[in-house]
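The primary structure of each chain is shown beneath.
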Protein chains: 4
Amino acid sequence: MPTDARQIRSRKALNAALLALLEERSFDHLTIREITARAGTGYATFFRHYPDKEALLNDVATDEIANLLAMTVPVLYEANSYESTMALCRYVAGHSRLWSALLTGGAAAIVREEFIRQARSLVEDVRDGPEWLPSDLGVVHGTGSTFDILGWWLGQENRLDAEDVATILHRLVIAPLIGDKVEKRAAAQ
Amino acid sequence: MPTDARQIRSRKALNAALLALLEERSFDHLTIREITARAGTGYATFFRHYPDKEALLNDVATDEIANLLAMTVPVLYEANSYESTMALCRYVAGHSRLWSALLTGGAAAIVREEFIRQARSLVEDVRDGPEWLPSDLGVVHGTGSTFDILGWWLGQENRLDAEDVATILHRLVIAPLIGDKVEKRAAAQ
Amino acid sequence: MPTDARQIRSRKALNAALLALLEERSFDHLTIREITARAGTGYATFFRHYPDKEALLNDVATDEIANLLAMTVPVLYEANSYESTMALCRYVAGHSRLWSALLTGGAAAIVREEFIRQARSLVEDVRDGPEWLPSDLGVVHGTGSTFDILGWWLGQENRLDAEDVATILHRLVIAPLIGDKVEKRAAAQ
Amino acid sequence: MPTDARQIRSRKALNAALLALLEERSFDHLTIREITARAGTGYATFFRHYPDKEALLNDVATDEIANLLAMTVPVLYEANSYESTMALCRYVAGHSRLWSALLTGGAAAIVREEFIRQARSLVEDVRDGPEWLPSDLGVVHGTGSTFDILGWWLGQENRLDAEDVATILHRLVIAPLIGDKVEKRAAAQ
DNA sequence: CTCTAATCGAGACGGTACGTCGCGTCTTACG
DNA sequence: CGTAAGACGCGACGTACCGTCTCGATTAGAG
């Protein structure tokens, strides 16, 4: 972690510039020159902080992905899965600015892969679900679908409420994976 | 459609070369020079057939995607959705060489997007599912998840039988979308 | 020499096309495709007649250059050099269409070099002028300057009469080379 | 004018490489890749300095041409034209390395045209020679012939002395243009 | 006048050079 | 004396032409 104030300023500027540009164009088609121009830093300065474009994306996304995963994975084990799903959706809604960029921006596909990759290494060998469902596939499907549904949600003009999305997510993804029926009672409250 | 024997030969060579290289490396990191070298054609010849790399990928994938979608979408409407799911899995197993490249190769993300894009424009305004589920999200989730599960399947060392995959696919994706319970009876036969 | 009517037609068309295009653009910047398009022949047909662009230019120019040289070289030996100069100018005036293309068109530099090359090999070791003037330089200067003056003449909007040009040519080039004073008497007639 | 040491180094390397290659091959048949390879610079660097091959040639030649012209044109007006001609020849002999490349190398034709072009725009409307000689033709012939004779001189194995060439140049070109007889007296000294 | 072989148009192909763009490194001039 | 500015080597891009080649379609001239 850098302590020099200038370094911190540069990193923040680069991160913000990347997120801003991802709302306009696909990640692959961004150039480092564009990012540095937007960030207001020198071109070479970029390389003093990151070896390449992907590294910057990682720096922006990896922590956030870990945070989100920390809320997603337990959903599959929690006693009350619907409540957990709700918490997940509320968290995303609370950070919608950043997650809009990551879930619907030009880097969605890359972030999605990283999301699943982290999930896989997190759950490794831990879970034992129903016998008809290979555990690895459960993780891939669960995290992938969750990512997609959240991405769809944030990509809409008129966004649904977090509650509605939680319901959908639970019915389409969570419940089929764990056979939970709790949602209806929770929703009935 | 070209009729000249030379054009047909070149196109086939380029298509095959792309599929071969996709088994080794990510689509973005392929160069056109590599593709033409592998195909045994001249570099400039590539551009006589396709404006860019993406166009070649489309030429390879679009028709196959349409075929697969023609089997996927009806699954959601068929009386016996489990049988339809089985048919889908058997079709993929029957063309596993090509679909391995498209589903698990370096272009999976792009093919996935095209798969969903085609599905969306196919189903446009047609379907009316349960009221709690926006129809567009149903399509995105259904096709996306199907794509992922098939991709996971073909990416495994020891592949499951088509029947097992159909069961999983039906339980995780199809049934939750349409509330069908038919699978169990069918599987019981 | 081809006898087939089709071959003759093609060659003529190509020759004419080259001359026409040379009035518009430099020889180097002409493409064979342009020439064949202008000639109304197929692209490959060009190569059935000439191995490359230069060969076509040679076919157009070489004979004409030889003709002109046959009138130029003797000028330096003739008893009455001014009369010979006049004859030369009249000949050029009589074929001004072709010579305009060759002397002022986009191939002038190449034709000039060929003109001097032919002259050099024609006069080889023959001439013995004044001792202060190396014979080879005499040829180079004589033919080169003649070419330039004729080129300047045909490139003018309002062309001088052949007589005036002959006078200039004789005073500037011929007389200094051979010390002839005959012109004045001839002009006085 | 660039001040950055790297830019200056690159430009010098490119200029030298061009002159070196011109001693071996014709300008048209040089490729930019060859020039940069010889210069030891990257291919793209060429275009950071010059838009094309011609621009590099100009950069090499234009100043030198201007210098030489500054000595050539006055020859026609100076009181003692023979002395001026001598000075011209001595100047060329003093820079024979460079002028050999420009006058006899593969770019001679192009340099020649530029030489005449500059002379024409320099003398524009100034000179009034004898009435039988159009002033523009006088310039074209004078500069063109001077160029040729100097080129012939530097192209010889055993070069004549500058004095001899000055004599030839004066007798063949200068004197006929201006009617000067001074040379003989000067040479007689 | 007919048949057969040469010539033609069309244009795809393998090459090679072009001029452009972006990367990641490394030097330089300036503050 | 440190840092931004940016020149550089590299390598892929997409374009343009070259000269070769394979097609049928046509057409000239020998029989």
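All values derive from a computational prediction rather than experimental measurement.

It is worth spelling out the overall build of chain A at this point. The secondary structure content of chain A amounts to 10 helices and zero strands. When the helices and strands of chain A are read in sequence order from the N terminus, they spell out α-α-α-α-α-α-α-α-α-α. Among the 189 residues that make up chain A, the fraction classed as buried is 50%. Contacts in chain A between residues far apart in sequence, at least 24 positions, make up 68% of those at least 6 positions apart. Summing over all exposed atoms, chain A offers an accessible surface of approximately 9,300 Å²; the carbon and sulfur share of this is 49%.

Turning our attention to the interface of chain D and chain C. Taken together, the contact pairs 24 residues of chain D with 24 residues of chain C. One can count two salt bridges joining chain D with chain C. Two residues, Asp148(D) and Arg112(C), come together in a salt bridge whose shortest N-O distance is 2.7 Å. Between the two partners, chain D and chain C, sit five residue pairs in polar contact (both at pLDDT 80 or more). At the level of elements, helix 7 (108-123), helix 8 (135-155) and helix 9 (162-178) of chain D are the ones that each hand at least two residues to the side of chain D that touches chain C. By residue number, the principal contributor to the side of chain D that touches chain C is helix 8 of chain D, which donates eight residues. For the side of chain D that touches chain C, the class distribution of residues is 14 nonpolar, three polar and seven charged.

A word on the relation of the copies chain B and chain A. Turning chain B through 180 degrees and shifting it by 0.2 Å along the axis lays it on chain A, with an RMSD of 0.1 Å. Taken together, the rotation and translation describe the operation of a two-fold axis.

This part takes up helix 7 (residues 108-123) of chain B. In this model, helix 7 of chain B (16 residues) spans 22 Å end to end at C-alpha, consistent with the 22 Å of a helix rising 1.5 Å per residue. Where helix 7 of chain B is buried, its residues touch helix 7 (108-123) and helix 8 (135-155) of chain A together with helix 4 (53-72), helix 6 (96-104) and helix 8 (135-155) of chain B.

Here we come to the UniProt feature "DNA-binding region" (unreviewed entry) in chain A. With numbering matched to this structure, UniProt assigns "DNA-binding region" (unreviewed entry) to residues 31-50 of chain A. For residues 31-50 of chain A, the end-to-end C-alpha separation is 14 Å, with 75% helix and 0% strand making up the annotated structure.

The next point concerns the interface of chain B and chain A. Contacts between chain B and chain A engage 23 residues on the former and 23 residues on the latter. Here chain B packs against chain A, burying approximately 2,100 Å² in sum over the two surfaces, 72% of which is carbon and sulfur. On the chain B side of the interface with chain A, the three residues burying the most area are Trp132(B), Trp152(B) and Leu172(B), jointly 32% of the side's total. Across the contact surface, chain B and chain A share five residue pairs in polar contact (both at pLDDT 80 or more). For the side of chain B that touches chain A, the leading source of residues is helix 8 of chain B, giving eight residues.

Further remarks concern the environment of Ser81(C). Looking at the secondary structure, you find Ser81(C) in helix 5 (residues 81-94). Taking the C-alpha atoms as reference points, Ser81(C) and Leu98(C), 17 residues apart in sequence, are found 25 Å from one another.

By secondary structure assignment, the location of Glu114(B) is in helix 7. Other than its neighbours up to four places away in sequence, Glu114(B) contacts Thr62(B) and Ile65(B).

This next bit is on the relation of the copies chain D and chain C. Rotating chain D by 179 degrees about the axis while translating it 0.1 Å along that axis superimposes it on chain C, leaving an RMSD of 0.2 Å. A share of 100% of the interface residues of chain D reappears at the interface of chain C, consistent with the copies meeting face to face through the same patch.

Before going further, it helps to examine the confidence of the model for chain A. Taken as a whole, chain A shows an average pLDDT of 86; of its residues, 90% reach a score of 70 or greater. Helix 8 of chain A holds the highest mean pLDDT among the elements of chain A, 95, whereas helix 10 (residues 182-188) of chain A holds the lowest, 49.

All names here are of chain A. Assigned domains of chain A: these are domain 1 (5-50) and domain 2 (57-188). Domain 1 and domain 2 are separated by 29 Å when their C-alpha centres are compared. Counting from both sides, the interface comprises 11 residues of domain 1 and, opposite them, 11 residues of domain 2. Carbon and sulfur atoms make up 70% of the surface buried where domain 1 meets domain 2, a total of about 830 Å² over both sides. By the criterion of area lost to domain 2, the three top residues of domain 1 are Leu 19, Leu 22 and Phe 27, representing 53% of everything that side buries. In this assembly, domain 1 and domain 2 are joined by zero salt bridges. Linking domain 1 with domain 2 are three residue pairs in polar contact (both at pLDDT 80 or more). Looking at the side of domain 1 that touches domain 2, its residues break down into five nonpolar, two polar and four charged.

Moving on, we get to the protein's contact with DNA strand E. Looking at DNA strand E, there are 41 residues lining it, with Tyr43(A), Ser10(B), Thr45(B), Gln7(C) and Thr45(C) nearest. When atoms of DNA strand E within 4 Å of the protein are sorted by moiety, sugar and phosphate together comprise 63%. A distance of 2.7 Å separates a phosphate oxygen of DNA strand E from a polar atom in the backbone of Gly42(C). Here Arg9(D) contributes a side-chain N or O atom positioned 3.2 Å from a phosphate oxygen of DNA strand E.

Moving on to the packing of aromatic side chains. Each aromatic ring pair is characterised by the separation of its centres together with the angle its planes make. Counted by the stated rule, this structure contains 16 aromatic pairs over all chains. On the numbers, 5.4 Å between centres and 50 degrees between planes, the contact of Phe115(A) with Phe147(A) is tilted. Here Phe115(A) is found in helix 7, whereas its partner Phe147(A) is found in helix 8, with 32 residues between them in sequence. Phe147(A) shares its class with Phe115(A); the two are buried. Measuring from ring centre to ring centre gives 5.4 Å for Tyr43(B) and Phe47(B), while their planes differ by 80 degrees; the resulting arrangement is edge-to-face. Here Phe47(B) and Tyr43(B) lie together in helix 3 (residues 43-49), a separation of four residues that amounts to about one turn. A relative accessible area of 38% places Phe47(B) in the partly exposed class. When the ring centre of Phe27(C) is taken as origin, the NZ or CZ atom of Lys53(C), which lies over that ring, is 4.9 Å away.

Let's shift gears to the packing of helix 4 (residues 53-72) of chain A against helix 5 (residues 81-94) of chain A. All names here are of chain A. In the contact formed by helix 4 and helix 5, the axes pass within 9 Å of each other and the chain directions differ by 155 degrees. When the axes of helix 4 and helix 5 are compared, the pair comes out roughly antiparallel. The residues of helix 5 that touch helix 4, namely those facing Glu 64, Asn 67, Leu 68, Met 71 and Thr 72, are Ala 87, Leu 88, Tyr 91 and Val 92. Classifying every residue of the contact of helix 4 with helix 5 by side-chain character gives six nonpolar, two polar and one charged.

Topologically, His141(B) is positioned in helix 8. Judged by relative accessible area, His141(B) falls into the buried class, the value being 1%.

Okay, the protein's contact with DNA strand F next. Neighbouring residues of DNA strand F: 37 residues in total, closest Ala44(A), Tyr43(C), Ser10(D), Gly42(D) and Thr45(D). Within 4 Å of the protein, the atoms of DNA strand F are drawn from sugar and phosphate moieties in a proportion of 59%. Contact between DNA strand F and Arg48(A): a base nitrogen at 3.3 Å from a side-chain N or O atom of the residue. The side chain of Arg9(C) places a nitrogen or oxygen atom 3.3 Å from a phosphate oxygen of DNA strand F. Counting residues per element, the ones that place at least two in the surface near DNA strand F are helix 3 (43-49) of chain A, helix 2 (32-39) and helix 3 of chain B, helix 1 (5-22), helix 2 (32-39) and helix 3 (43-49) of chain C together with helix 1 (5-22) and helix 3 (43-49) of chain D.

Criteria and cut-off values
- Residues numbered from 1 in each chain as written.
- Chains lettered and ligands numbered in written order.
- Predicted model: local features only at pLDDT ≥ 70, side-chain atom pairs only at ≥ 80, totals over all residues.
- Heavy atoms only, no water.
- Helix = DSSP H or I, 4+ residues; strand = E, 2+ residues; numbered from the N terminus.
- Buried < 20%, exposed > 50% of the residue type's maximum accessible area, 1.4 Å probe, protein only.
- Contact = heavy atoms within 4.5 Å.
- Areas by Shrake-Rupley, 256 points an atom, 1.4 Å probe, with all protein chains shown as cover.
- Salt bridge = Lys/Arg side-chain N within 4 Å of Asp/Glu carboxyl O.
- Polar contact = N/O pair within 3.5 Å; in protein donor to acceptor, adjacent residues only side chain to side chain.
- Nonpolar A, V, L, I, M, F, W, Y, C, P; charged D, E, K, R; others polar.
- Least-squares fit on C-alpha atoms with pLDDT ≥ 70 in both.
- Expected span 1.5 Å × (residues − 1).
- UniProt positions renumbered as here; feature names shortened; annotations may be inferred.
- Buried area = accessible area lost by both parts, 1.4 Å probe.
- pLDDT = per-residue confidence, 0-100.
- Domains from an automatic or database assignment.
- Near = heavy atom within 4 Å.
- Phe/Tyr/Trp six-rings, centres within 6.5 Å; stacked < 30°, edge-to-face > 60°.
- Lys NZ or Arg CZ within 6 Å of the ring centre and 35° of its normal.
- Axes fitted to C-alpha atoms, helices over the stretch in contact; angles between N-to-C directions.
- Parallel < 35°, antiparallel > 145°, perpendicular 65-115°, else oblique.

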